[in-house]
Structure formats: structure tokens, C-alpha cells
Amino acid sequence: MNAYPCAHALPAHGCDCHVHVFGPFDRFPLAADRAYTPGPASIDALASLLQGLGLSRVVIVQASPQGTDNACLVDAMQQINAGSALQARGVAVIDEHTTQAQLQAMHLAGVRGVRVNLESAGQHNPEVARELMRRTAEQVADLGWHVQTYTSLEVIASIADTLAALPVPVVIDHFGRSTASKGVSQAGFDKLLDLVATGRAWVKLSAAQRISDLADCEDARPIARALVEANPQRMLWGTDWPHPGAWPGQPRSPDRVEPFHPINDARALQRMSEWLSADEWVAMLQDNPARLYDF
């Protein structure tokens, strides 16, 4: 019996919209200029996680230590789609040197978006963010992809007009990096809600521990509810497996393997079910990902 039964039945095609795969490093080396070094996170371990959670679809996201070499991402999607009951899509990382031929090849493999990771790079300049989002959107617009960004709520609020005007859907990671303890009246949160309400932005209600200091993230509930109520058709969920991330008081370094965080993904899924109605639950886990990622 599942020790963490959800408040609502899992839909037939539930999707974890935010995971990473790392390694094997002899085939897929990390970027030389990475800020940290993760340990391995295999396709088999990912498949076991999804089976345990009762989910059949997954979105693999290129992580910052992998740079713009998306070979590991493409290999993981191809293996999953060819050899299991699971279905995978991907979110790549590109730069100004990425060719249209490379983009087309990634599309055939299952990539449906690109990520602009500002937060992990320590980039908080709104003008830099504007330019990167515009340029990246222009590169992928003809493919029908989206642009995903991991950045602070302050940056989101500062460039909200740019995000609203992009020619592609915008996906915002991890609750927009709002601060759970500050609640729904915190500066900039209204701008995020406006983007969601008008349908211009999708938000991943993922990795609640990134925005909360409480053991069970209960202070993230009002943030989640405000976003869901703004537009339930723009909500996504993900585990953020295998849970990379900086540790308090420990500087990041590429010279040592940084441990993953010990997050209980079954409880995280159960907790989200407690925050949503049955209809919102199905939309977030099944219907919304099917539309955005072209399952």
C-alpha cells in the first residue's frame, strides 16, 4: 500500500514536468565552465521513480552543468521512448551558435522547449534577461517550442512586458522563485499572476522546498493556490529529481561532487494533491502537459 496516497486519483497520463538526467560521464561529460558537479542520475533510476509515483510521462530538462551539449538529454529521451511504457519530452539549452539543423534534429528526438537559466548563472540584470529571452524565442518560434526560464521573482516582474510580448509560450520554473514566507502580497508576485491570468505564462509548481523553509512547505500553499486560481490551465508539476541545488553555507564548486537533496517525491506529490481540487489536479498532471509538450 502506498504510504503517501494522493487526495485524488492519478490520471492515466500523469506527467512529471521537471527532471534531470546526468551521465554516464564517460559518454556525456559535463561542461568545463560549470558552477557545480552533480553525481550520476540514470535513466533506470528515473524510470523507477516515475513507476513508484504512478506517472507515465516525463519532461527531461537540460541542467546548467551540461551547458549547451544536449547529447545526454537526447539520448535519454530516445531510450525512454523506444524501450518502455513511459513517454518523454525534453527542454534543451541553446546559444547563438546553435544551428537550425541542430534544432530540427532535437525536435525529432522530442525536444519541445528551451531553457534560459538565469538564476544558476547568477544573472539578475533585467536588460540581459530581456535580450536572452527575446533572442532565444526568435530562434525557436518556427518550431512551435516554448521558452522556459529559471530566474527570480524580481527579474520576472522587471521584464513582465517582454515576457508577455514574446512570440512563444513562456514557462517559469519553481513558483517563479517567490518566497513562501512573504505570501501573496510580496513585491512582484502580482506581475507573475497577471502573466498567468492572461495565459502568457505557464508556471511549474515544482520543488516547493526551494521557496519554503518549513519542513513540509505548508507556507507555499497560498502561493500555489493564488497561481492555480489565476489560471488552472497554465499549471504544471514536477519533482525536480534528482534534486540538485546549492546547500546553505556551502559555496558551489566544480571540483567536488555536490550531493543531491534528500526530497520525498511521493510526499511532494501527495501534498500537491491536497492543495488542488480534482479538476485542477487532472489539468496540472495530464491535460496541461499534453498540450504544452505535444504528447
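Placed above this text is the structure.
By convention here, each chain's residues receive numbers from 1 onward along its written sequence. Under the rules for a predicted model, residues below a pLDDT of 70 receive no local features and side-chain atom pairs below 80 are neither given nor counted, while totals for whole chains, interfaces and linings still include all residues. Heavy atoms from the whole structure form the basis of all side-chain values; hydrogens and water molecules are not counted.

**Student:** Before we move on, could you go through the packing of helix α9 (residues 265-275) against helix α10 (residues 278-293) and cite the residues and values that matter?
**Tutor:** Direction vectors running N to C along α9 and α10 enclose 135°, while the axes themselves pass 8 Å from each other. It follows from the interaxial angle that α9 and α10 lie oblique. Across from Leu269, Met272 and Ser273 in α9, the residues of α10 making contact are Trp281, Met284 and Leu285. Of the residues that constitute the contact of α9 with α10, the class distribution is five nonpolar, one polar and no charged. Axis definition: a line fitted to C-alpha atoms, limited for helices to the stretch in contact. Angles are taken between N-to-C directions and run from 0 to 180 degrees. A run of DSSP states H or I qualifies as a helix once it reaches four residues; a run of E qualifies as a strand once it reaches two. Both are numbered from the N-terminal end. Should an angle fall under 35 degrees it is called roughly parallel, over 145 degrees roughly antiparallel, and 65 to 115 degrees roughly perpendicular, with every other angle called oblique. Whether two residues touch is decided by their heavy atoms; if any such pair falls within 4.5 Å, the residues are in contact. For this scheme, ten residues count as nonpolar: Ala, Val, Leu, Ile, Met, Phe, Trp, Tyr, Cys and Pro. Four count as charged, namely Asp, Glu, Lys and Arg, and the remainder, Gly too, count as polar.

**Student:** Describe α10, naming the residues involved and giving the relevant values.
**Tutor:** Here α10 is 16 residues long and its end C-alpha atoms lie 22 Å apart, about the 22 Å a rise of 1.5 Å per residue gives. Residue Met284 marks the point of greatest curvature in α10, where the axis turns by about 45°. Turning to α10, its buried residues are Glu280, Trp281, Ala283, Met284, Leu285, Gln286, Asn288, Pro289, Leu292 and Tyr293. Looking one or two residues past α10, Asp294 carries a phi angle of roughly 60°, positive in sign. For a helix, the expected span equals 1.5 Å multiplied by the residue count minus one. By definition, a residue's bend is the angle between the axes fitted to the seven residues ending there and the seven starting there. Accessibility here uses a 1.4 Å probe with only protein chains present; expressed as a share of the type maximum, an area under 20% marks a residue as buried, one over 50% as exposed, and anything in between as partly exposed.

**Student:** Explain the packing of aromatic side chains to me, and be specific about the residues and the numbers.
**Tutor:** To pair, rings of Phe, Tyr and Trp, with the six-membered ring standing in for Trp, must have centres within 6.5 Å; the planes then decide the type, stacked if under 30 degrees apart, edge-to-face if over 60, and tilted in the middle. Applying the stated rule across the entire model yields two aromatic pairs. Note on Phe22 and Phe260: the rings are 6.1 Å apart at their centroids and 10° apart in plane angle, and the pair reads as stacked. Residue Phe22 is found in the loop between β1 (15-19) and β2 (37-38), and its partner Phe260 is found in the loop between β10 (257-258) and α9; the two are separated by 238 residues along the sequence. Consider the rings of Tyr293 and Phe295, whose centres lie 6.4 Å apart with planes at 65°: the pair is edge-to-face. Residue Tyr293 shares its accessibility class with Phe295, and that shared class is buried. Looking at Arg252, its charged tip hangs above the ring of Tyr36, at a distance of 3.9 Å from the centre. A ring is scored as having a charge over it whenever the NZ atom of a lysine or the CZ atom of an arginine sits within 6 Å of its centre and within 35 degrees of its normal.

**Student:** Which residues make up the pairing of strand β3 (residues 57-61), and what are the values?
**Tutor:** Most of β3 is tucked away, with five of its five residues classed as buried. The alternating pattern of β3 places Arg57, Val59 and Val61 and Val58 and Ile60 on opposite faces, both of which are buried. Here the rule is simple: two strands pair whenever DSSP picks up at least two bridges between them. Pairing between β1 and β3: three bridges, direction parallel. Residue pairing across strands places Cys15 opposite Arg57, the latter belonging to β3. Where β3 and strand β4 (residues 87-92) come together, five bridges link them in parallel fashion. Within the sheet, the bridge partner assigned to Val61 lies in β4 and is Val91.

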